[in-house]
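In case you want the letters, here they are:
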Amino acid sequence: MEEHGEGCCGGRQEEHGDLEHEELLESMSEKLGFTPHILEILGELDSESLKKYNRCNKKLLSDGALPAKTKILVALAVVAAKQCERCTVVQMQSALKNGATKEEIMELMDVIFITSGAPAVAACRDALKLLK
(Lines give C-alpha, C1' and ligand atoms only; values in the text may rest on other atoms or scores of the structure.)
Protein backbone atom coordinates (compact mmCIF):
# COMPACT_ATOMS: atom_id res chain seq x y z
CA MET A 1 0.00 0.00 0.00
CA GLU A 2 1.46 3.33 -1.05
CA GLU A 3 1.45 6.21 1.39
CA HIS A 4 0.75 9.23 -0.81
CA GLY A 5 0.62 9.04 -4.58
CA GLU A 6 -0.50 6.30 -6.86
CA GLY A 7 1.53 5.18 -9.80
CA CYS A 8 4.89 3.70 -10.63
CA CYS A 9 7.13 6.61 -9.64
CA GLY A 10 7.40 5.65 -5.96
CA GLY A 11 9.13 8.34 -3.89
CA ARG A 12 9.34 10.79 -6.77
CA GLN A 13 5.56 11.03 -7.02
CA GLU A 14 5.27 11.29 -3.24
CA GLU A 15 7.71 14.23 -3.26
CA HIS A 16 5.84 15.80 -6.19
CA GLY A 17 2.53 15.31 -4.33
CA ASP A 18 3.97 16.98 -1.22
CA LEU A 19 5.22 19.91 -3.30
CA GLU A 20 1.89 20.24 -5.07
CA HIS A 21 0.10 20.03 -1.71
CA GLU A 22 2.32 22.80 -0.26
CA GLU A 23 1.83 25.04 -3.31
CA LEU A 24 -1.91 24.48 -3.17
CA LEU A 25 -2.00 25.36 0.53
CA GLU A 26 0.07 28.47 -0.11
CA SER A 27 -2.25 29.58 -2.89
CA MET A 28 -5.34 28.99 -0.77
CA SER A 29 -3.79 30.76 2.20
CA GLU A 30 -2.94 33.75 0.06
CA LYS A 31 -6.58 34.13 -0.97
CA LEU A 32 -7.92 33.57 2.53
CA GLY A 33 -5.25 35.57 4.31
CA PHE A 34 -4.51 32.66 6.65
CA THR A 35 -4.27 28.87 6.57
CA PRO A 36 -7.09 26.98 8.28
CA HIS A 37 -5.51 24.11 10.21
CA ILE A 38 -8.03 21.66 8.78
CA LEU A 39 -6.61 22.28 5.30
CA GLU A 40 -3.12 21.35 6.46
CA ILE A 41 -4.44 18.13 7.96
CA LEU A 42 -6.57 17.36 4.91
CA GLY A 43 -3.60 17.92 2.60
CA GLU A 44 -1.41 15.59 4.65
CA LEU A 45 -4.05 12.85 4.69
CA ASP A 46 -5.35 13.07 1.13
CA SER A 47 -4.10 15.58 -1.41
CA GLU A 48 -7.00 14.75 -3.77
CA SER A 49 -9.48 15.90 -1.12
CA LEU A 50 -7.51 19.12 -0.77
CA LYS A 51 -7.76 19.64 -4.54
CA LYS A 52 -11.53 19.12 -4.43
CA TYR A 53 -11.85 21.55 -1.54
CA ASN A 54 -9.76 24.08 -3.46
CA ARG A 55 -12.04 23.87 -6.51
CA CYS A 56 -15.06 24.66 -4.32
CA ASN A 57 -13.18 27.34 -2.45
CA LYS A 58 -12.20 29.07 -5.72
CA LYS A 59 -15.88 29.44 -6.57
CA LEU A 60 -16.59 30.91 -3.16
CA LEU A 61 -13.63 33.30 -3.23
CA SER A 62 -14.15 34.66 -6.72
CA ASP A 63 -16.66 37.09 -8.13
CA GLY A 64 -19.40 35.69 -10.32
CA ALA A 65 -23.06 36.61 -10.48
CA LEU A 66 -22.55 37.33 -6.77
CA PRO A 67 -19.45 39.11 -5.49
CA ALA A 68 -17.08 36.95 -3.43
CA LYS A 69 -17.77 39.04 -0.33
CA THR A 70 -21.49 38.31 -0.57
CA LYS A 71 -20.89 34.57 -0.98
CA ILE A 72 -18.57 34.55 2.03
CA LEU A 73 -21.18 36.36 4.14
CA VAL A 74 -23.72 33.73 3.08
CA ALA A 75 -21.23 31.04 4.10
CA LEU A 76 -20.82 32.76 7.47
CA ALA A 77 -24.58 32.67 7.98
CA VAL A 78 -24.76 28.99 7.00
CA VAL A 79 -21.99 27.86 9.36
CA ALA A 80 -23.52 29.96 12.14
CA ALA A 81 -26.86 28.23 11.53
CA LYS A 82 -25.02 24.91 11.84
CA GLN A 83 -23.57 26.24 15.12
CA CYS A 84 -19.99 25.48 14.10
CA GLU A 85 -18.02 27.94 16.22
CA ARG A 86 -14.63 27.30 14.60
CA CYS A 87 -16.19 27.56 11.15
CA THR A 88 -17.63 30.97 12.00
CA VAL A 89 -14.15 32.21 12.94
CA VAL A 90 -12.72 30.99 9.64
CA GLN A 91 -15.55 32.53 7.61
CA MET A 92 -15.30 35.79 9.58
CA GLN A 93 -11.58 35.99 8.83
CA SER A 94 -12.33 35.39 5.16
CA ALA A 95 -15.14 37.96 5.14
CA LEU A 96 -12.92 40.62 6.65
CA LYS A 97 -10.08 39.77 4.25
CA ASN A 98 -12.54 40.17 1.38
CA GLY A 99 -13.75 43.61 2.44
CA ALA A 100 -16.80 42.96 4.63
CA THR A 101 -17.43 45.87 6.96
CA LYS A 102 -18.44 45.77 10.61
CA GLU A 103 -21.81 47.21 9.62
CA GLU A 104 -22.42 44.48 7.05
CA ILE A 105 -21.46 41.77 9.51
CA MET A 106 -23.65 43.18 12.27
CA GLU A 107 -26.58 43.32 9.85
CA LEU A 108 -25.83 39.71 8.97
CA MET A 109 -26.00 38.88 12.69
CA ASP A 110 -29.60 40.16 12.61
CA VAL A 111 -30.37 37.85 9.70
CA ILE A 112 -28.72 34.93 11.51
CA PHE A 113 -30.78 35.67 14.63
CA ILE A 114 -34.05 35.96 12.69
CA THR A 115 -33.48 32.81 10.63
CA SER A 116 -31.58 30.56 13.06
CA GLY A 117 -32.04 31.98 16.55
CA ALA A 118 -29.84 32.85 19.49
CA PRO A 119 -27.78 29.62 19.43
CA ALA A 120 -26.55 30.48 15.94
CA VAL A 121 -25.57 33.98 17.04
CA ALA A 122 -23.86 32.48 20.08
CA ALA A 123 -21.82 30.29 17.74
CA CYS A 124 -20.34 33.54 16.39
CA ARG A 125 -19.00 34.66 19.79
CA ASP A 126 -15.31 34.16 18.97
CA ALA A 127 -15.79 35.29 15.38
CA LEU A 128 -17.30 38.59 16.52
CA LYS A 129 -14.23 39.26 18.67
CA LEU A 130 -12.35 39.75 15.39
CA LEU A 131 -14.33 42.96 14.83
CA LYS A 132 -12.79 44.69 17.86
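Residues numbered from 1 in each chain as written. Predicted model: local features only at pLDDT ≥ 70, side-chain atom pairs only at ≥ 80, totals over all residues. Heavy atoms only, no water.

As recorded in an unreviewed UniProt entry, the chain goes by the name Protein-disulfide reductase, listed as coming from Methanosarcina barkeri 3.

Here the second largest pocket is characterised by a volume of approximately 180 Å³. Taken together, 12 residues make up the lining of the second largest pocket; nearest its centre are Ile38, Tyr53, Cys87, Val90 and Gln91. Residue composition of the lining of the second largest pocket, grouped by class: nine nonpolar, three polar and no charged. A domain split of the lining of the second largest pocket shows at least three residues from each of domain 1 (20-62) and domain 2 (64-131). (1 Å grid on protein atoms, 1.4 Å probe; cavity = no way out; pocket = protein on both sides within 12 Å on 5 of 7 lines; lining within 4 Å. Points joined across faces, edges and corners; volume = space filled by probe spheres on them. Nonpolar A, V, L, I, M, F, W, Y, C, P; charged D, E, K, R; others polar. Domains from an automatic or database assignment.)

Once that is clear, we can look at the pattern of salt bridges. The final tally for this structure, using the stated rule, is five salt bridges. Between Arg125 and Glu85 there is a salt bridge; the shortest N-O distance is 3.2 Å. In this pair, Arg125 sits in helix α8 (residues 125-128) while Glu85 sits in helix α5 (residues 85-97), placing the two residues 40 residues apart along the sequence. Given a relative accessible area of 46%, Arg125 falls into the partly exposed group. Exposure remark for Glu85: the relative accessible area of 36% places this residue in the partly exposed category. (Salt bridge = Lys/Arg side-chain N within 4 Å of Asp/Glu carboxyl O. Helix = DSSP H or I, 4+ residues; strand = E, 2+ residues; numbered from the N terminus. Buried < 20%, exposed > 50% of the residue type's maximum accessible area, 1.4 Å probe, protein only.)

Before going further, it helps to spend a moment on helix α3 (residues 47-60). Over its 14 residues, α3 runs 20 Å from end to end, which matches the ideal 20 Å to within 8%, given 1.5 Å per residue. By the burial criterion, the buried members of α3 are Leu50, Asn54 and Asn57. Buried residues in α3, looked at end-on, bunch into an arc of 70°, giving them a common side. For α3, exposure combined with an orientation more than 90 degrees from the buried face picks out Arg55, Cys56 and Lys59. (Expected span 1.5 Å × (residues − 1). Arc of directions from axis to C-beta.)

Here we come to the environment of Leu108. Topologically, Leu108 is positioned in helix α6 (residues 102-116). Put simply, Leu108 and Leu76 are 32 residues apart on the chain and 8.7 Å apart in space, counted from C-alpha to C-alpha. Leu108 has contacts with Leu73, Leu76 and Ala77, leaving out every residue within four places of it along the chain. (Contact = heavy atoms within 4.5 Å.)

A few words now on the environment of Gln93. On the secondary structure map, Gln93 appears in helix α5. In this structure Gln93 comes out as partly exposed when scored by relative accessible area, which is 25%. Along the chain, Gln93 and Ala127 lie 34 residues apart, while their C-alpha atoms are 7.8 Å from each other.

Time to look at the environment of Thr101. Structurally, the position occupied by Thr101 is in the loop between α5 and α6. As for Thr101 and Leu131, which are separated by 30 residues in sequence, their C-alpha atoms are 8.9 Å apart.

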